[in-house]
Amino acid sequence: MKETIQANIGSVAFTLDRDAYDLLKNYLDDIRRRLPSEDTETSDDIERHFAEIFRERITSPMQVVTLEMTRAAIARMGSPADFGEQRTAPDTARTPRQLRRSLTDRALAGVCGGLAEFFGIDPLLVRIVTLLLILCGGLSVWVYIILWIVVPEAPRRTFMTTDNKR
């Protein structure tokens, strides 16, 4: 079984396999880092162009965008370097890490996925440790529920996703 993700690309819904989604997300993020922060129109145009490319290749709404399709679309679009030099943030403008519930990597409420993103570790490991702590009495279910209520959800991006197991 391969994990698939529902994603809105250029305001069109597509189903992508996990590898294709990760590649496309990294590519689009790289381009956004190269564009001026106030230039949202160009990044929207790029997403719409990806949607057109995928619509050309997909014959059925049930068809999944594969890694090969994504690589071919990226090859058509060109290198992120073609969109300009990568912007460097000023040293004083470094944003602190914030604990947020994950929107994309969630099993129940996104608490474990958010903790995994915050600490930079595998979400499955966080889920296993949480389950073991709950079963062994070291962590109460109430702590998880409190975190669910207290920890804010990550902000939604224009490239929104929901996970689907396939």
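In short, a report on the structure.

Reading the values: the criteria
- Here the residue numbers are simple positions, counted from 1 along each chain's written sequence.
- Given that this is a predicted model, residues contribute local features only at a pLDDT of at least 70 and side-chain atom pairs are listed and counted only at 80 or more, while totals for whole chains, interfaces and linings are drawn from all residues.
- Side-chain measures here rest on the full set of heavy atoms in the structure, leaving out hydrogens and waters.
- Counting from the N terminus, the helices are the DSSP runs of H or I reaching at least four residues and the strands are the DSSP runs of E reaching at least two.
- Two joining distances apply to patches: 9 Å for like charges and 5 Å for nonpolar side chains (Val, Leu, Ile, Met, Phe, Trp, Tyr), and every residue must have over 30% relative accessible area and no salt bridge.
- Using the Shrake-Rupley algorithm and a 1.4 Å probe, accessible areas are obtained, with residue cover drawn only from the displayed protein chains.
- For salt bridges, the criterion is a side-chain nitrogen of Lys or Arg within 4 Å of an Asp or Glu carboxyl oxygen.
- Where helices are involved, their axes are fitted lines through C-alpha atoms of the stretch in contact, as for all axes, and angles between N-to-C directions lie from 0 to 180°.
- Just so you know how the angles are binned, under 35 degrees is roughly parallel, over 145 roughly antiparallel, 65 to 115 roughly perpendicular, and the rest oblique.
- Crossings are classed by handedness, with left-handed meaning an anticlockwise turn of the near helix from the far one by less than a right angle and right-handed meaning a clockwise turn.
- Should any heavy atoms of two residues lie within 4.5 Å, those residues are counted as being in contact.
- The buried label goes to any residue with under 20% of its type's maximum accessible area, the exposed label to any with over 50%, and the partly exposed label to all in between, with areas taken from a 1.4 Å probe on protein chains only.

### Considering the environment of I58
Mapped onto the secondary structure, I58 falls in the loop between helix 2 (40-57) and helix 3 (67-77). It is 9.4 Å that separates the C-alpha atoms of I58 and M69, two residues lying 11 residues apart in sequence.

### Here we look at a nonpolar patch on the surface
Judged by side-chain polarity, L108, V141, W142, I145, I146, W148, I149 and V150 come together as a nonpolar surface patch covering roughly 860 Å² of accessible area. If you trace the backbone, I146 turns up in helix 6 (residues 141-150).

### As for the packing of helix 2 against helix 3
Between helix 2 and helix 3, whose axes approach to 10 Å, the crossing angle comes to 130°. Judged on the interaxial angle alone, helix 3 and helix 2 are oblique. Here helix 2 runs over helix 3; the crossing is right-handed. Where helix 2 abuts helix 3, its residues I46, H49, F50, I53, F54, E56 and R57 lie against M69, T70, A72, A73, I74, R76 and M77.

### Regarding unusual backbone geometry
A negative phi angle is the norm for most residues apart from glycine, just as the trans form is the norm for most peptide bonds. With a phi angle near 65°, S11 is a residue other than glycine that sits in the positive phi range. Tracing the chain through its elements places S11 in the loop between strand 1 (3-9) and strand 2 (12-17). Judged by relative accessible area, which is 75%, S11 ranks as exposed.

### Overview of the pattern of salt bridges
Considering all chains together, one arrives at nine salt bridges under this definition. With a shortest N-O distance of 3.7 Å, D22 and R18 are connected by a salt bridge. Of this pair, D22 and R18 both sit in helix 1 (residues 18-34), separated by four residues, roughly a single helical turn. Here K25 and D29 are joined by a salt bridge, their closest N and O atoms 2.9 Å apart. Placement of both K25 and D29 in helix 1 is noted, with a separation of four residues, approximately one turn of the helix. Look at K25 and you get partly exposed, because its relative accessible area is 21%. Ionic contacts of the salt-bridge type, sharing partners, join the residues K25, D29, R32 and E47 into one network.

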